[in-house]
Amino acid sequence: MSGWWRTSSCLSSFTPQIILIIGLRMQFPVSPKVGPSRIGRFRLFSPILAGATLRERLIACFGALLGIGLTGFISGYLFGQGPHLPLIVAPMGASAVLLFAVPASPLAQPWAIIGGNTISALMGIIAAYFIRDPIIATGVGVSLAIGAMSFTRCLHPPGGAAALTAVLGGPVVAGWGFLFPFVPVALNSCVLVGLGLLFHKLSRRNYPHVVPKPADNTHQTIDPPSAARVGFREEDVDAALEALDETFDIDRADLGRLLQQVELQAAIRSNDKISCADIMSRDVIAIGETSEPDAARHLLLKHNIRTLPVKDPEGRLIGTVGLRELFAGGDTIAHAISKPAVARASDAALSLLPVLTDGRTHAVIIVDDDHRILGLISQTDLLSAVARLLPNDGDTIAAVA
């Protein structure tokens, strides 16, 4: 194990260059007012991550500041300080980039960080123990790390650095031997992930990243939900990935959600001239929150509607009721009020498609800035608007000709 640190000193000479490259690669959105020539001139500063914004980058910077600082402090507090044990290993810096900058990435999830760093460090220790030549040991260590992370489903790019650190770490790593993957690597990883969980919870981010479960059929039949019966399917996504023959840093389920949102946004953009104000019903039947259930049932049946808006004494919308909610009984309808689906009059009408096709919502209430009712759009209203957008026979024939 004496050859572990022979080449480690050469790594430090590249530190300034590495920092400069990282600085040049920081992503900031380009203002749409900037001309093409200026965009090309500052191409290094254009975003290379889909969805990257200045706000997200600032949150990532602040999260990394807290995460790395507190990880070193906690590790030092638990095991003391001194040359015999580093407070924090270098791969934690790369893990922090993933954890705080791209928390939705499969490579940034808790098991990927903890398992990837720990297992990779263990692979590096094993390679260094059996292979005396550090150059060969580094290649074998990283290769074993990739294989081990792949089989244990915790692929994490900083794991490669953890394997290299185990091979080239010098006398400190050599002194700790097979304990090194656990202290400090696993310890640092667990503390960093714990701090990341707390930080993302406070910043209201979805971490660990959980892909929302697809909507179930609310009618409890084996048919898929209505929104899932048209458009692309899961097998189409699989076929596209197989045809491209590449690996992408995005969860497969997230990719499907993204494509569905692209379809919706394209439909909204193509028909953005039709707003909610154009198709909404303006003579809205509503009821007060202190009314009796019988009065609400009477209005629902008399006007043949399924959603009845509920107003407070000042006339502001507080929720909706339907026949199903009124079955529970009670002296007033207050117990049966549900959270309403709302929109603005200026919103694109087709933006209501996901809400009105979820199998639960029958109407969207249009409100103003004071939450007063302006109108109502039912499933029938939206369906009529979509039908008007379809080409008639003459248009279809002309287009074919």
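If you're wondering where the values come from, they're calculated on a predicted model, not measured in any experiment. (Residues numbered from 1 in each chain as written. Predicted model: local features only at pLDDT ≥ 70, side-chain atom pairs only at ≥ 80, totals over all residues. Heavy atoms only, no water.)

Concerning the overall build of the protein chain
No. 1: From N to C terminus, the protein chain includes 18 helices and six strands.
No. 2: Per-residue burial for the protein chain yields a buried fraction of 34% across its 401 residues.
No. 3: Counting contacts in the protein chain only where the partners sit at least 6 residues apart, residues at least 24 apart contribute 63% of the total.
No. 4: A total accessible area of about 23900 Å² is found for the protein chain, and carbon and sulfur atoms account for 63% of it. (Helix = DSSP H or I, 4+ residues; strand = E, 2+ residues; numbered from the N terminus. Buried < 20%, exposed > 50% of the residue type's maximum accessible area, 1.4 Å probe, protein only. Contact = heavy atoms within 4.5 Å. Areas by Shrake-Rupley, 256 points an atom, 1.4 Å probe, with all protein chains shown as cover.)

A closer look at helix H6 (residues 110-130)
No. 1: With 21 residues, H6 extends 30 Å between its outermost C-alpha atoms, agreeing within 8% with the 30 Å of an ideal straight helix rising 1.5 Å per residue.
No. 2: With 15 of 21 residues buried, H6 lies mostly within the body of the structure. (Expected span 1.5 Å × (residues − 1).)

Notes on the packing of aromatic side chains
No. 1: In total, this model carries four aromatic pairs according to the counting rule given.
No. 2: Residues phenylalanine 100 and phenylalanine 199 carry aromatic rings whose centres are separated by 5.5 Å and whose planes lie at 80° to one another, so their mutual orientation is edge-to-face. Of the two residues, phenylalanine 100 sits in helix H5 (residues 91-101) while phenylalanine 199 sits in helix H10 (residues 181-202), which places them 99 residues apart along the sequence.
No. 3: Overall, phenylalanine 100 belongs to the buried group, its relative accessible area being 1%.
No. 4: Judged by its relative accessible area of 13%, phenylalanine 199 is buried.
No. 5: Taken together, the ring pairs connect Phe62, Phe100 and Phe199 into an aromatic cluster. (Phe/Tyr/Trp six-rings, centres within 6.5 Å; stacked < 30°, edge-to-face > 60°.)

What to know about the sheet that holds strand E1 (residues 287-288)
Backbone-to-backbone hydrogen bonds pair the strands of a sheet. The strands run either parallel or antiparallel.
No. 1: Taken in spatial order, the three strands line up as E1-E2-E3 in an open sheet, and their pairing is mixed. Where the open sheet ends on each side, the last strands, each with one partner, are E1 and strand E3 (317-321).
No. 2: Two elements, strand E2 (residues 308-311) and E3, share four bridges in a ladder whose sense is antiparallel. Each bridged residue has a counterpart across the sheet, and for leucine 308 the counterpart in E3 is valine 321. (Pairing = 2+ DSSP bridges.)

As for the pattern of salt bridges
No. 1: Following the criterion strictly, the structure yields eight salt bridges and no others.
No. 2: The partner of glutamate 56 in a salt bridge is arginine 55, with the nearest N and O atoms 3.2 Å apart.
No. 3: For arginine 55, a relative accessible area of 56% translates into the label exposed.
No. 4: Where aspartate 238 meets arginine 252, a salt bridge forms, and the shortest distance between an N and an O atom there is 2.6 Å. Of the two residues, aspartate 238 sits in helix H11 (residues 234-244) while arginine 252 sits in helix H12 (residues 252-270), which places them 14 residues apart along the sequence. (Salt bridge = Lys/Arg side-chain N within 4 Å of Asp/Glu carboxyl O.)

Description of the packing of H5 against H10
No. 1: Running from N to C, H5 and H10 cross one another at 25°; their axes reach a closest spacing of 11 Å. On the basis of their axis angle, the class for H5 and H10 is roughly parallel. H10 is crossed by H5, and the crossing has right-handed handedness. Along the contact surface, H5 presents Met92, Ser95, Ala96, Leu99 and Phe100, while H10 presents Val185, Asn188, Ser189, Leu192, Val193, Gly196, Phe199 and His200.
No. 2: Counted by class, the contact of H5 with H10 contains eight nonpolar, five polar and no charged residues. (Axes fitted to C-alpha atoms, helices over the stretch in contact; angles between N-to-C directions. Parallel < 35°, antiparallel > 145°, perpendicular 65-115°, else oblique. Left-handed = near helix turned anticlockwise from the far one by under 90°. Nonpolar A, V, L, I, M, F, W, Y, C, P; charged D, E, K, R; others polar.)

Describing helix H17 (residues 379-389)
No. 1: Looking only at H17, the buried set comprises Asp381, Leu382 and Ala385. Here the buried residues of H17 occupy an arc of 95° about the axis, which is enough to place them on one side. Exposed residues lying more than 90 degrees from the buried face of H17 are Thr380 and Leu383.
No. 2: In the core, the buried residues of H17 are packed alongside helix H13 (276-279), helix H16 (353-356) and strand E6 (373-378). (Arc of directions from axis to C-beta.)

A word on the confidence of the model for the protein chain
No. 1: Averaged over every residue, the pLDDT of the protein chain is 81; residues scoring 70 or more account for 80%.
No. 2: Considering only residues more than four positions removed or in separate chains, one finds that residues 1-42, a stretch of pLDDT under 50, has 50 contacts.
No. 3: A low-confidence stretch, residues 396-401 (pLDDT under 50), is modelled with one contact involving residues beyond four sequence positions or located in other chains. (pLDDT = per-residue confidence, 0-100.)

Re the packing of helix H7 (residues 134-151) against helix H8 (residues 158-168)
No. 1: One way to put it is that H7 packs onto H8 with a least axis distance of 9 Å and a crossing angle of 145°. Both H7 and H8 take part in a crossing whose hand is right-handed. Of the residues in H8, those in contact with Pro134, Ala137, Thr138, Gly141, Val142, Ala145 and Met149 of H7 are Gly159, Gly160, Ala163, Leu164, Val167 and Leu168.

Let's talk about the nonpolar core
No. 1: By size, the foremost hydrophobic cluster in this structure holds 20 residues, and its most contacted members are Leu99, Phe100 and Phe180.
No. 2: Among the elements of the structure, helix H4 (54-79), H5, H6, H8 and H10 are those that each provide at least two residues to this core.
No. 3: A total of five residues in this core trace back to one element, the largest contributor, which is H5.
No. 4: Excluding its chain neighbours within four sequence positions, the residues that come into contact with phenylalanine 100 are Ala60, Gly63, Ala64, Gly67, Leu192, Gly196, Phe199, His200 and Arg205.
No. 5: If you look at the next biggest cluster of nonpolar residues, it comprises 17 residues, including Leu264, Met280, Leu350 and Ile377. (Core = buried A, V, L, I, M, F, W, Y, C linked by side-chain atoms within 4.5 Å.)

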